[in-house]
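Fold and geometry: a report
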Amino acid sequence: MYRQIKILSMNRNRKLISSNSTFENEIGYSRAVADGDWVFVSGTTGYDYETMTIPDDIVSQTEQCMKNIESALKQAGSKMQDIVRVLYIVPEAEDFKLTWPVLRKYFGDIRPAATMISAGLADKKMKIEIQVTAKK
C-alpha cells in the first residue's frame, strides 16, 4: 500500500528515515529521526508517496498526513499511541475545523499536547502540514 520507508543511516542510537520524497534530498532533511526513545517526524503533508499525488481538499490531505506519519513511526519502531506532541500548520486558519473529525479519529484517545498555527506552505496545493514527536 505504502512504499517502504528506507532507513538511510544508523549510528548507535540515531536512525534517519526517508519517505523517498524528492524534497528530502533537495533540501537535506529526513522524514523522521529516531534517537534513543524519541522519534521526531518532520512536517508531513498530504502527498501520497506511492502515486506522488495530493488530494484537493484538506480533509483528505489530513487523512493522508496521518497515514504518512503512521508509516514513518512504524519504521522508527514506534506507533501513533507514542505521540506526545503535535504541531498543525494550515494556510487558512478557518479550514482547520474541517480536519477535526480526522484528528479526533487518530488523537482522540492519546490526546497529545498540540499547537496550530496558520502560515504559508511550500506548495499552494498543500492545505495542511503536521509534525509530531513521539516517545517510545
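Parameters at a glance
Residues numbered from 1 in each chain as written. Predicted model: local features only at pLDDT ≥ 70, side-chain atom pairs only at ≥ 80, totals over all residues. Heavy atoms only, no water. Helix = DSSP H or I, 4+ residues; strand = E, 2+ residues; numbered from the N terminus. Rg over C-alpha atoms; globule rule 2.2 N^0.38 Å. Buried < 20%, exposed > 50% of the residue type's maximum accessible area, 1.4 Å probe, protein only. Contact = heavy atoms within 4.5 Å. Areas by Shrake-Rupley, 256 points an atom, 1.4 Å probe, with all protein chains shown as cover. Lys, Arg positive; Asp, Glu negative; His and termini not counted. Charge placed at Lys NZ, Arg CZ, Asp CG, Glu CD. Patch = residues over 30% accessible without salt bridge, like charges linked within 9 Å, V, L, I, M, F, W, Y side chains within 5 Å. Salt bridge = Lys/Arg side-chain N within 4 Å of Asp/Glu carboxyl O. Axes fitted to C-alpha atoms, helices over the stretch in contact; angles between N-to-C directions. Parallel < 35°, antiparallel > 145°, perpendicular 65-115°, else oblique. Left-handed = near helix turned anticlockwise from the far one by under 90°.

The next point concerns the overall build of the protein. Looking only at helices and strands, the protein features three helices and seven strands. In the protein, the order of α-helices and β-strands from amino to carboxyl end is β-β-α-β-β-α-β-α-β-β. Relative to its length of 136 residues, the protein is compact, with a C-alpha radius of gyration of 14 Å against a globular reference of 14 Å. On the principal axes, the C-alpha backbone points of the protein span a range of 45 × 30 × 25 Å. Going through the 136 residues of the protein one by one, you find that 44% of them count as buried. Long-range pairs, those at least 24 residues apart, make up 67% of the contacts in the protein with a sequence separation of at least 6. Accessible surface for the protein amounts to roughly 7,700 Å². Of this, 50% is attributable to carbon and sulfur atoms. The positive charge centre, built from 19 side chains, and the negative charge centre, built from 17, are 6 Å apart in the protein.

A surface patch of nonpolar side chains, about 260 Å² in accessible area, is lined by Trp-38, Phe-40 and Val-84. Mapped onto the elements, Val-84 comes out in strand β5 (residues 83-90). With a relative accessible area of 38%, Val-84 lands in the partly exposed category.

All right, on to the environment of Asp-37 then. By the element assignment, Asp-37 lies in the loop between β3 (32-35) and β4 (38-44). Spatially, the C-alpha atom of Asp-37 lies 5.5 Å from that of Lys-135, the residues being 98 residues apart in sequence.

Between helix α2 (residues 58-75) and helix α3 (residues 96-107), whose axes approach to 8 Å, the crossing angle comes to 25 degrees. Of the possible angle classes, the one that applies to α2 and α3 is roughly parallel. Judged by the sense of rotation from one axis to the other, the crossing of α2 with α3 is right-handed. The segment α2 lies against α3, with Ile-58, Val-59, Thr-62, Glu-63, Met-66, Lys-67 and Glu-70 engaging Leu-98, Thr-99, Val-102, Leu-103, Lys-105, Tyr-106 and Phe-107.

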